[in-house]
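Letter by letter, the chains look like this.
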Amino acid sequence: LEEVAVSDLTEKILEISGDLLDNIQVFDVYRGQGVQSGSKSIGLNLTFSSEKRTLVEEEVNDIMQQVIEALDVTFGAKLRT
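Cut-offs applied
- Residues numbered from 1 in each chain as written.
- Predicted model: local features only at pLDDT ≥ 70, side-chain atom pairs only at ≥ 80, totals over all residues.
- Heavy atoms only, no water.
- Helix = DSSP H or I, 4+ residues; strand = E, 2+ residues; numbered from the N terminus.
- Buried < 20%, exposed > 50% of the residue type's maximum accessible area, 1.4 Å probe, protein only.
- Contact = heavy atoms within 4.5 Å.
- Expected span 1.5 Å × (residues − 1).
- Arc of directions from axis to C-beta.

Trainee: Looking at this structure, I do not really get the environment of Gly38. What am I missing?
Mentor: Within the secondary structure, Gly38 is located in the loop between β1 (21–30) and β2 (41–48). For Gly38, a relative accessible area of 46% puts it in the partly exposed group. Along the backbone, Gly38 and Glu2 are 36 residues apart, and their C-alpha atoms lie at a distance of 5.5 Å. Those residues in contact with Gly38 that sit more than four places away from it in its chain are Leu1 and Glu2.

Structure (structure tokens):
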């Protein structure tokens, strides 16, 4: 939704991801064709890392799924494909 601030999204992502999230970068905010009226599309790049160990793909995928579900429940955000 248009009224959801990017900072609210990133705060929730940090809450879910914890210490494994190294960086969040907003690379696009789009309003227009293909996006429902009253909504916006926000492109985010999430970088995960750990100084203590090597992360495995399954672990990162699990965190991403939790993030997607939390953003949907909290803000009604949907993953665009």
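Let's pick the thread back up.
Trainee: Quick question: what am I supposed to make of helix α2 (residues 57–75) here?
Mentor: For an α-helix, the turn length of 3.6 residues means that residues three or four places apart are oriented alike. Between its first and last C-alpha atoms α2 spans 26 Å; for 19 residues at 1.5 Å apiece the expected length is 27 Å, and the two agree. For α2, the full list of buried residues reads Ile63, Val67, Ala70, Leu71 and Phe75. Down the axis of α2, the buried set is contained in an arc of 100 degrees. They therefore lie on one face. Residues of α2 that are exposed and angled more than 90 degrees away from the buried face: Glu57, Glu58 and Val73. For α2, the elements touching its buried residues are α1 (6–17) and β2. Immediately downstream of α2, the backbone of Gly76 shows phi near 75 degrees, a positive value.

Shape descriptors only; they carry no functional weight alone.
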